[in-house]
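What follows is each chain in one-letter form.
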Amino acid sequence: MAKKILLIGTLDSKGREIAYLRQRVEERGWGVITLDVGTLGNPTCPADISQQEVAKAGGGDFSQMKSKGDRSYSVGIMIQGAINKAAELYSHKELAGVLAIGGGTGTAIGTAVMRSLPLGIPKVMVSTVASRDVSPYVGTRDITMIHAVVDLVGLNPITRVILDNAAGAIVGMVAGAAVVNVGRSLIAATSFGISPISAELARPLLEEKGYEMVTFHANGMGGRALEELIGQGLFAGVLDFVTHELADQLYNGYCGDIGTDRLATAARRGVPIIVAPGGLDCIVFNSIDDVPDKLKGRKLHHHDIRVAVRTSEEELERIAMTMAQRLAHPRGPVGVLIPLGGWSEVDKVGAALFDPRIDRFFVDALKRLLPPEVSLKEVECHISAPKFARLAVEWLDEMICTRR
Amino acid sequence: MGRVIVILVMAEEKWQEADFLRKEIESRGCKAVILDMGLLGNPQGLCDITREEVISLSGQDAKEVALITDRGKRMPVMVDGAIQKVRELYSEGNIDGIISIGGTTGTQMGTSIMKSLPFGVPKFAISSTASLPAFASRYIGTSDITLMHSVVEIAGLDNLMRNVLARAAGAICGMVEGSASVPISLPGKGEKPLVAMTHFGPCEECAVSVRRQLEERGYQVIGFSAAGIGDRAMEAMIERQNLFGAVIDLAPGGVGEELLGFARAAGPTRLEAAGKKGIPQIIAPCGVNWGSPLKRKYKPEYELRKKYDYDAVRTFIRLSEEELIVVANAIADKLNKARGPVKVLIPLGGWSSFDRRGTEFHEPELDRVFVDQLKKKLRQDIEVREVDADLEAPEFAQAMVKAFHEVVGT
């Protein structure tokens, strides 16, 4: 069966618009499956997957749900049902891409379905709330948001342009999507603005050995995305040079919103990983006003409007404990590689946050706390030295080759 | 010639990715033009529109620009120059779509440049920071920009990045073809004009009823959500593009929210564009007597007021007499500058679904303070019509439609 585009929306309030989208997508030669997530009224255009069917797939009963009249309960059921229906289409290889339209609620439902699907499946959300904080909707996923600008009510010259663009975008994406083809040679690495250039130095070395490298910006969202994609089995190995997010998490700093999985996925899934302390010399805050009183008086670096505050022994001990916990019981090889000459561009001889005594304390704590399966090596150089990147690449390559 | 898509990129960092995108776009039959909006460092490859050309179009002296070593200070130069260039291409009919690739800096610049093109020209930004809290609103603002989260850092052509770029190329080409087959068609002479209408939740019944009545008469009504972005977008579209023949402003609360620093702030020029263009306006006061303070700016004094929890994220508080007077003055100032006809309709039975007569939130004495002040400050020829119904009652929607026809005709 030919793959189709799944079109999600509330057919009670946006039936006309969805029927128009369907027509525009079909004119371009793609089949459409409409999925109705409306819970208020009756659909105003035909649904391929009806609201009753969606509710059932979500573990609910539509008529019961309707009489109950609890909006958030209904939305929860419809989200779960739509996710299950999409997963079914995906597993039958019938899903080419997902297109959804909606306001606040419709966006919550549409993007929840999109977030449940793997990277690479085209995902387009036409939303009236695209120009707000979209982090809860997009999260770590490859979702494309089209700002509706106007309310998606009625077909007029403005809404037609937005809907045409949406039809064009999804059709163009599904027709052109290169297949994510990773084989066994893709390596994930982390990088960060003021942190080391290790990732860039590692890239050519990896390429020489026949690998490709993907970089994640360890800014909170990037770290989460890395963990999720490790979880999807995309990578042969991980060079986690920048673990700075763990420091920010202590004080909810600039990159602190990382959840509880950071650093844990590779060890849990047995993907070879090298961990380095890039950026653990500092906690970054959005502005000087956000620095807690407790940290005032410490060594400080002004980046732009953001400021980096030196980490203390006590904080690094907490980070060492977190690292040890998350790397415990690894199912694959895990190495920790520590450069003794500093962990970022502001932590090196002569720089504002340089403090080898505190760094030493961290290394000793880690040695004490790490599980026996994890080996730790120390290197006499700065984290940005070519030597450091070379040793990291060689160690990771050795781990991967040994396993093969 | 095929349709032309401009690629905005900082060529010292991401030229390779732009070049890959160019090939993907051209394999789909469109032509791609790379514009270098780079700041410092040499481009990694050839660009069709060079950095030097962009700088010269910025109007700044190239020698002086060469002395700027601060990235941040080069950004406005490149944005200004690139805006000149894309506008020139647009006026010659040589641009059908625009796409940018970048992290924070590249997306910030790229989206600023795109915003200079009219509504409807496909605009697409691929960004590694699309999903960071509050970044999307900064990038998109009120414009019809599509934002794609790259998930991975845009630093090298690995397989994931190629997949992302191929999808983006497909999307922008698909959009460009679609927008060519259905161009924005505005009503011609003698046809009914497009009507812009603001509304939000608490005046939904009124909005639905007004829309239905106007649509029955052959008008097309474009809705804008008065939550601080949609209503700003309406002002921008009235200001920059001649799309609308009349405005029904059911929910101009963004004026007061702006003055008081609240969540639905709609910018300093809210309620001004239609007047400036001389477009007729019919205005109702839904939500004007309420404010939605940001949770982090909550003052203890707000706890003493009547408050209404609209949903999990929005709480409205009643405005005080002093605040109502400030807001009335501001609205009067704005409307007094109007070059076209204006009518203000006041429903005496309450200004929203939750403060209608019979509810604990109905406070006609407070509302009266606003109305009296507004009447006192408004130009004599601007009518304030009082209607003895609440805003959500069918009688009020009928009164709005009647006033509309008086001004616009039938």
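Throughout this description, residue numbers start from 1 for each chain and increase along the sequence as written. Numbering of ligands from 1 and lettering of chains from A proceed in the order in which they are written. A pLDDT threshold of at least 70 governs which residues receive local features in this predicted model, and a stricter bar of 80 or more applies before side-chain atom pairs are shown or counted, although totals over entire chains, interfaces and linings include all residues.

**Digging into the overall build of chain B**
Here comes step 1: A tally of helices and strands in chain B yields 14 helices and 14 strands.
Here comes step 2: Across the 410 residues of chain B, 52% fall into the buried class.
Here comes step 3: Nonlocal contacts in chain B, meaning residues at least 24 apart in sequence, comprise 73% of its contacts between residues at least 6 apart. Going along the chain from the N terminus, every DSSP run of H or I of four or more residues is numbered as a helix, and every run of E of two or more is numbered as a strand. Burial is judged by counting other C-beta atoms within 10 Å of a residue's own C-beta: 20 or more means buried, 12 or fewer means exposed, and anything between counts as partly exposed, with every C-beta placed from the backbone. Contacts are defined on C-beta atoms placed from the backbone: any two residues whose C-beta positions lie within 7 Å are in contact.

**A closer look at the overall build of chain A**
Here comes step 1: A count of helical and extended segments in chain A gives 14 helices and 14 strands.
Here comes step 2: Seen through its principal axes, chain A has C-alpha atoms that stretch 70 × 50 × 40 Å.
Here comes step 3: Here chain A holds 404 residues, and 57% of them are scored as buried.
Here comes step 4: Residue pairs in contact within chain A that sit at least 24 positions apart in sequence constitute 74% of those at least 6 positions apart.

**Some points on the nonpolar core**
Here comes step 1: By size, the foremost hydrophobic cluster in this structure holds 267 residues, and its most contacted members are A82, A166 and I170 of chain A together with I7, A168, I172 and M400 of chain B.
Here comes step 2: Setting aside residues up to four positions removed in sequence, I172 of chain B forms contacts with I5, I25, G97, I99, P122 and F124 of chain B. Throughout this description, the term nonpolar core refers to a group of buried Ala, Val, Leu, Ile, Met, Phe, Trp, Tyr and Cys residues whose C-beta atoms join them within 7 Å.

**Things to note about the sheet that holds strand β11 (residues 300-302) of chain A**
Residue and element names in this part refer to chain A.
Here comes step 1: Any two strands between which DSSP finds at least two bridges are classified as paired. Read across the sheet, three strands follow the order β10-β12-β11 without closing on themselves; strand pairing throughout is antiparallel. Of all the strands in the sheet, the pair left with one neighbour each is β10 (282-285) and β11. Across the sheet, the mean angle separating the axes of adjacent strands is 20° when strand polarity is ignored.
Here comes step 2: Bridging between β10 and strand β12 (residues 307-310) involves four bridges; their strand directions are antiparallel. Each residue of the ladder has a partner; that of I283, found in β12, is V309. Lines fitted to C-alpha atoms define the axes here, with helix axes fitted over just the stretch in contact, and angles between the N-to-C directions of these axes take values from 0 to 180 degrees.

**Describing helix α5 (residues 104-115) of chain A**
Residues separated by three or four positions in an α-helix point in the same direction, a consequence of the helix having 3.6 residues per turn.
Residues and elements named next belong to chain A.
Here comes step 1: Here α5 spans 16 Å end to end across 12 residues, near enough to the 16 Å set by a 1.5 Å rise per residue.
Here comes step 2: Burial analysis of α5 places nine of its 12 residues in the buried class, the great majority of the element.
Here comes step 3: Among the residues of α5, those classed as buried are T105, G106, T107, I109, G110, T111, A112, V113 and M114.
Here comes step 4: Those residues of α5 that are buried are in contact with β1 (4-9), α4 (71-91), β3 (95-102), β4 (123-127) and α6 (135-138). Helices are assigned an expected span. That span is 1.5 Å times one less than the residue count.

**Quick look at the packing of helix α8 (residues 198-208) of chain A against helix α14 (residues 386-403) of chain A**
Residues and elements named next belong to chain A.
Here comes step 1: Between α8 and α14, the shortest axis-to-axis distance is 9 Å and the interhelical angle comes to 55°. When the interaxial angle is binned, α8 and α14 end up oblique. Classified by chirality, the crossing of α14 by α8 is right-handed. Where α8 approaches α14, its residues S198, L201, A202, L205 and L206 are matched on the opposing element by P386, F388, A389, R390, A392 and V393.
Here comes step 2: Residues are grouped as follows: Ala, Val, Leu, Ile, Met, Phe, Trp, Tyr, Cys and Pro are nonpolar; Asp, Glu, Lys and Arg are charged; all remaining types, including Gly, are polar. Looking at the contact of α8 with α14 residue by residue, the classes come out as nine nonpolar, one polar and one charged. Angle categories are assigned with fixed cut-offs, so that under 35 degrees is roughly parallel, over 145 is roughly antiparallel, 65 to 115 is roughly perpendicular, and the rest are oblique. Crossings are sorted by hand: turned counterclockwise from the far helix by less than a right angle, the near helix makes the crossing left-handed, and turned clockwise it makes it right-handed.

**Let's talk about the domain arrangement of chain A**
Here comes step 1: Reported domain spans reflect what an automatic or database domain assignment gives. With domains assigned, chain A is organised as domain 1 (4-176) and domain 2 (186-403).
Here comes step 2: Summarising the inter-unit geometry, the C-alpha centres of domain 1 of chain A and domain 2 of chain A are found 39 Å apart.

**Considering the sheet that holds strand β6 (residues 194-199) of chain B**
All names here are of chain B.
Here comes step 1: Reading across the sheet, the six strands line up as β7-β6-β8-β9-β13-β14 and stay open at both edges, with parallel pairing between neighbours. Strand pairing shows two members of the sheet lacking a second neighbour, β7 (220-225) and β14 (383-387), which therefore form its edges. Between one strand axis and the next, the sheet turns through 20° on average, direction left out of account.
Here comes step 2: Sheet topology places strand β13 (residues 342-347) next to β14; five bridges connect them, and they run parallel. Pairing of L345 across the sheet is with R385, part of β14.
Here comes step 3: Relative to β6, helix α8 (residues 204-216) is tilted by about 170°, and along the sheet it contacts β6, β7 and β8 (244-249).

**Quick look at the domain arrangement of chain B**
Here comes step 1: Split into domains, chain B comes out as domain 1 (4-181) and domain 2 (194-408).
Here comes step 2: The straight-line distance from the C-alpha centre of domain 1 of chain B to that of domain 2 of chain B is 38 Å.

**A few points about the interface of chain A and chain B**
Here comes step 1: Listed as interface residues are 59 residues of chain A and, on the opposing side, 56 residues of chain B.
Here comes step 2: At the level of secondary structure, the elements contributing two or more residues to the side of chain A that touches chain B comprise α6, β5 (144-147), α7 (157-176), β6 (186-191), β7 (212-217) and α9 (221-231) of chain A.
Here comes step 3: No other element matches α7 of chain A, which puts 15 residues into the side of chain A that touches chain B.
Here comes step 4: Looking at the side of chain A that touches chain B, its residues break down into 30 nonpolar, 20 polar and nine charged.
Here comes step 5: Where β5 of chain A lies against strand β5 (residues 145-149) of chain B, three bridges are found, and the strand directions are antiparallel. Considered in β5 of chain B, the bridge of I146 of chain A is made with T146 of chain B.

**Quick look at helix α12 (residues 321-336) of chain B**
All names here are of chain B.
Here comes step 1: The end-to-end C-alpha distance of α12, which contains 16 residues, comes to 22 Å, matching closely the 22 Å that a straight helix rising 1.5 Å per residue would cover.
Here comes step 2: Looking only at α12, the buried set comprises L324, V327, A328, I331, A332 and L335. Seen along its axis, α12 keeps its buried residues to an arc of 135°; they face one direction.
Here comes step 3: Of the surrounding secondary structure, the elements contacted by the buried residues of α12 are α10 (254-260), α11 (273-277), β13 and α13 (364-377). By arc we mean the arc of the directions from the helix axis to the C-beta atoms, nothing more.

**Some words on the packing of α8 of chain B against helix α14 (residues 394-408) of chain B**
Residue and element names in this part refer to chain B.
Here comes step 1: It is at 9 Å that the axes of α8 and α14 come closest, and there the two elements cross at 45°. The angle between α8 and α14 places the two elements in the oblique class. Note on packing geometry: the crossing formed by α8 with α14 is right-handed. Residues C206, S209, V210, Q213 and L214 of α8 form the contact with α14, whose participating residues are P394, F396, A397, M400 and V401.
Here comes step 2: Its residues assigned to classes, the contact of α8 with α14 comprises eight nonpolar, two polar and no charged.

**Some words on unusual backbone geometry**
Residue and element names in this part refer to chain A.
Here comes step 1: Positive phi, close to 65°, is recorded for V149, a residue that is not glycine.
Here comes step 2: By the element assignment, V149 lies in the loop between β5 and α7.
Here comes step 3: The backbone of N252 shows a phi angle near 50°, a positive value even though the residue is not glycine.
Here comes step 4: Within the secondary structure, N252 is located in the loop between α10 (245-250) and α11 (264-269).
Here comes step 5: For N252, a count of 13 C-beta atoms within 10 Å gives the class partly exposed.

**A few points about the environment of T69 of chain B**
Residue and element names in this part refer to chain B.
Here comes step 1: Tracing the backbone shows T69 in the loop between α3 (62-66) and α4 (71-91).
Here comes step 2: Its 9 C-beta neighbours within 10 Å are what place T69 among the exposed residues.
Here comes step 3: The sequence separation of T69 and L345 amounts to 276 residues, and the corresponding C-alpha distance is 56 Å.

**As for the pairing of β8 of chain B**
Looking along a regular strand, one sees side chains alternate from face to face of the sheet.
Residue and element names in this part refer to chain B.
Here comes step 1: Judged by how many residues are buried, β8 sits mostly within the fold: five of six residues are covered.
Here comes step 2: As paired elements, β6 and β8 share five bridges and run parallel to each other. Its bridge partner being in β8, V195 is matched across the sheet by A246.
Here comes step 3: The pairing of β8 with strand β9 (residues 281-283) spans three bridges and is classified as parallel. Looking across to β9, one finds that V247 is bridged to Q281.

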